[in-house]
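Listed here are the chains, written in short residue letters.
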Amino acid sequence: MSNVLLGGAIGDSLGMFAEKRTADDSLLINWDGKTFLPSEYHKLNAGQWTDDTQLSIIVAESLIKNHGFNPTSISEDYLKWFDSGTARGYGKTTKLAIDNLRDGKKYYESGIVDSYGNGTAMRAAPFGVYYKDDIKFLIESIKTDSAITHASNEAEAGALAIGLAVAYCLNKQSENLIAKIVSHLPDSKVRESLLGIEELVNSDVSVDKAYILLGTKADVRMTIPSVFFTFLKFNSFKEGITKLIKAGGDTDTNAAILGSLYASNNIFDIDDYVLDSLEDYKYIKELDYRLLNKEIFFFPR
């Protein structure tokens, strides 16, 4: 069992109440690190999740039903999601790219050039699960999928970093993880930041200061180094997720990505969470199983 989707959904649901808040916000300071809270910003109830999980589910379902990556099909699924009226918390870049798809542009024409959002990284983990035994096709698929919405080296590097990390961890090849990942990334600030992340982890810089240095906003150049810093610094799902959320910023996406990484590395100490209150909990667990085993299914939500 990989639990990658479940780990992401837990992180997303835990973090969504705090999006746009800063580390000195009293609600964040007093949060216990385990309770799902409602979000005024997203207008969501406790236990619900945002576009991070919605898009990850779309990717997982597409990979399963198409027996692998089909860019035409998945771009149609992104458009259906957006036009369904149920899309939550999406970024401006994703909206502009989907507008391009609706206007008739192909998946290889729709992406927004020089975009730095983290919308590709948030949906990359399912690729790492499905293609964990085929790194070459994993890379090709993520590059193509990333460009559907975000046509930039930064967004591509961020998505690759997450997909590759998930694959290596699932295969129990997490030793020298950063070196393995950066060897596949395009020249970018994401790559540069990752090259120095282990030094920061092992330094005497405080965790709070590290988050200030790295940034935690909805910018892939901040998201990826902050997530990997936390992943390497804390060997506990609950502790790592709590620390990153309490840093403020794009809390739902940061925690969703981190949750997927922890789950892929079998760091999944989640007993304190009341998972029955997590939206579509049983469906996500089933989807995790089907994604890992590449099984077609018809499982009602």
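This text follows the structure it describes.
Quick summary incoming for the structure in this document. Sequence positions are assigned chain by chain, starting from 1 and proceeding in written order. In view of the model being predicted, local features appear only for residues whose pLDDT reaches at least 70, and side-chain atom pairs are presented and counted only at 80 or more, with totals across whole chains, interfaces and linings using the full set of residues. Only hydrogens and water are removed before side-chain values are computed, so all heavy atoms of the structure are retained for them.

### Remarks on the overall build of the chain
Strands are runs of DSSP state E lasting at least two residues, helices are runs of H or I lasting at least four, and both sets are numbered from the N terminus onward. Secondary structure assignment for the chain yields 16 helices and 2 strands. A compact globule built from 301 residues should have a C-alpha radius of gyration of about 19 Å, and the chain, at 17 Å, falls within 12% of that. Taken over the C-alpha atoms alone, the chain extends approximately 50 × 40 × 35 Å along its principal axes. Remark: exposure states derive from per-residue accessible area (1.4 Å probe, protein chains only) relative to the maximum for the residue type, with buried under 20%, exposed over 50%, and partly exposed in between. Here the chain holds 301 residues, and the buried ones make up 60% of them. For this analysis, residues touch if any pair of their heavy atoms sits within 4.5 Å. Taking all contacts inside the chain whose residues are at least 6 apart in sequence as the whole, residues at least 24 apart take part in 71%. Method for areas: the Shrake-Rupley scheme with a 1.4 Å probe, in which residue coverage is limited to the protein chains shown. Accessible surface, the chain: about 12,700 Å² in total, of which carbon and sulfur atoms supply 47%. The quantity called the radius of gyration is restricted to C-alpha atoms. Its globule counterpart is 2.2 Å times the number of residues to the power 0.38.

### Brief notes about the nonpolar core
Each nonpolar core is a collection of buried residues, namely Ala, Val, Leu, Ile, Met, Phe, Trp, Tyr and Cys, held together in the definition by side-chain atoms within 4.5 Å. If you look at the biggest cluster of nonpolar residues, it comprises 95 residues, and the most contacted ones within it are I10, I162, I181, L194 and F228. In terms of residues, this core owes the most to one element, helix α8 (residues 153-170), which gives 12 residues. Contact partners of I181, with chain neighbours within four places excluded, come to A161, L164, A165, Y168, L194 and F228.

### Quick notes on the packing of helix α13 (residues 220-233) against helix α15 (residues 251-264)
Relative orientation and spacing of two packed helices are given, respectively, by the angle between their axes and the distance between those axes. Where α13 contacts α15, the two axes come as close as 10 Å, and the packing angle between them is 45°. As far as their axial angle goes, α15 and α13 are oblique. Handedness of the crossing formed by α13 with α15: right-handed. Contacts from T223, V227, F228, T230 and F231 of α13 reach α15 at N254, I257, L258, L261 and Y262. Classes in brief: Ala, Val, Leu, Ile, Met, Phe, Trp, Tyr, Cys and Pro nonpolar; Asp, Glu, Lys and Arg charged; the others, Gly included, polar. For the contact of α13 with α15, a count of residues per class yields 7 nonpolar, 3 polar and no charged. A fitted line through C-alpha atoms serves as each axis, taken over the contacting stretch for helices, and the angle formed by two N-to-C directions is quoted from 0 to 180°. Here the angle decides the label: under 35 degrees means roughly parallel, over 145 means roughly antiparallel, 65 to 115 means roughly perpendicular, and every other value means oblique. Take the far helix as the reference: if the near one is turned anticlockwise from it by less than a right angle, the crossing is left-handed, and if turned clockwise, right-handed.

### Some words on the side chain of D145
Summarising the element assignment, D145 is placed in helix α7 (residues 135-149). Looking at D145, the relative accessible area reads 2%, which means it is buried. Every residue in contact with D145, bar those within four places of it in the chain, is listed here: F69, I74, Y78, R123 and F127.

### So, helix α16 (residues 281-293)
By this rule, a helix spans an expected 1.5 Å times one less than how many residues it contains. Between its terminal C-alpha atoms α16 stretches 19 Å, which fits the 18 Å expected from 13 residues at 1.5 Å a residue. Within the sequence span of α16, burial applies to Y281, Y283, I284, E286, L287, D288, R290 and L291. Elements in contact with the buried residues of α16: α1 (4-15), α3 (51-65) and α6 (125-130).

### With respect to the environment of D276
Following the sequence through the fold, D276 ends up in the loop between α15 and α16. With 229 residues separating them in the primary sequence, D276 and G47 have C-alpha atoms 8.9 Å apart.

### Re the packing of aromatic side chains
Here the distance between the centres and the angle between the planes together describe a pair of aromatic rings. Aromatic rings from Phe, Tyr and Trp, taking only the six-membered ring of Trp, are treated as a pair when their centres fall within 6.5 Å; an angle between ring planes under 30 degrees marks them as stacked, one over 60 as edge-to-face, and anything in between as tilted. Following the criterion strictly, the structure yields 14 aromatic pairs and no others. Ring plane angle 80° and centroid distance 5.0 Å describe the contact between Y130 and Y131, whose orientation is recorded as edge-to-face. Note on Y131: relative accessible area 8%, which makes it buried. Between F237 and Y273, the aromatic rings sit 6.1 Å apart at their centres with planes inclined by 70°, giving edge-to-face as the arrangement. You can see F237 sitting in helix α14 (residues 237-246) and its partner Y273 sitting in the loop between α15 and α16, a full 36 residues away along the chain. Across the pair, exposure class does not vary: F237 and Y273 are buried alike. One aromatic cluster is present, built from ring pairs that chain together F36, F231, F237, Y262, F268 and Y273.

### A closer look at unusual backbone geometry
Backbone geometry at N176 places phi at a positive 55°, although glycine is not the residue there. Turning to its location among the elements, N176 is positioned in the loop between α8 and α9 (177-182). Here N176 falls in the exposed class, since its relative accessible area comes to 52%. Non-glycine residue N266 carries a positive phi angle of around 60°. Owing to a relative accessible area of 64%, N266 belongs among the exposed residues under this scheme.

### Here's the deal with the environment of S188
By the secondary structure assignment, S188 is in the loop between α9 and α10 (189-195). The buried category is assigned to S188, whose relative accessible area is 7%. Each C-alpha atom of the pair S188 and N30 lies 37 Å from the other, and the pair is 158 residues apart in sequence. Sequence-distant contacts of S188, defined by excluding residues within four places in its chain, comprise N153, E154 and A157. In this structure the side chain of S188 is engaged in a polar contact, spanning 3.2 Å, whose partner is the backbone nitrogen of R191. By the criterion applied in these results, polar contacts are pairs of N or O atoms within 3.5 Å in which, for protein atoms, one can donate a hydrogen and the other can accept it, and in which residues neighboring in sequence qualify only through two side-chain atoms.

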